[in-house]
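Residue-level structural notes
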Amino acid sequence: MKINVLTVPADKRDLLEERFGARAGLVEGAEGFEHFELLRPVDGTDEYFVYTRWRSEEDYQNWFSGTMRQGHQGGDGEQRKPAATGAQLRAFEVVQSAAPKNA
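Overview of the structure. (Residues numbered from 1 in each chain as written. Predicted model: local features only at pLDDT ≥ 70, side-chain atom pairs only at ≥ 80, totals over all residues. Heavy atoms only, no water.)

**Considerations on the environment of D46**
Structurally, D46 can be placed in the loop between β2 (33-39) and β3 (47-54). For D46, a relative accessible area of 35% puts it in the partly exposed group. With residues up to four places along the chain from it excluded, the contact list for D46 reads L6, T7, V8, R13 and P41. (Helix = DSSP H or I, 4+ residues; strand = E, 2+ residues; numbered from the N terminus. Buried < 20%, exposed > 50% of the residue type's maximum accessible area, 1.4 Å probe, protein only. Contact = heavy atoms within 4.5 Å.)

Spelled out as structure tokens, the structure:
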């Protein structure tokens, strides 16, 4: 799984959420993509978490080097000014997992 930690000033939060809401949805069609969540901070910090889960590191790298770059361009193909002032990518492997017993 990948968690992108975005530092977003208060005056840019609406813009960030709008952009994610209007995203092209390219990640959903990516080979090996399993899950996405945009997590808004509620503890007074300015860090949003963008959580994605992938079948493999190779699937993530293929998406990152291809269609991900398309999603970060404006409608005219130009790079848009980011809403975030910082970003930090963190990667994790699932060591243990649990689900509801009745699921």
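The rest of the description comes next.
**Comments concerning the pattern of salt bridges**
If the charged atoms of two oppositely charged side chains come close together, the side chains can form a pair. A full pass over the atoms with the stated rule returns five salt bridges. Ionic pairing is found between R53 and E34, a salt bridge with its closest N-O pair at 3.3 Å. Placement of the pair is R53 in strand β3 and E34 in strand β2, with a sequence separation of 19 residues. The exposure class assigned to E34 is partly exposed, which follows from its relative accessible area of 42%. Across the salt bridge formed by R55 and D59, the nearest N and O atoms sit 2.8 Å from each other. The buried category is assigned to D59, whose relative accessible area is 8%. Residues joined by salt bridges that share partners form a network here, namely E31, R55 and D59. (Salt bridge = Lys/Arg side-chain N within 4 Å of Asp/Glu carboxyl O.)

**A few points about helix α2 (residues 57-65)**
Those residues of α2 that fall on the buried side of the exposure criterion are D59, Y60 and W63. The arc that holds the buried residues of α2, viewed along the axis, is 100 degrees, so those residues lie on one side. In α2, the exposed residues that point more than 90 degrees away from the buried face are E58 and S65. (Arc of directions from axis to C-beta.)

Keep in mind that these numbers describe shape and distance, not what the molecule does.
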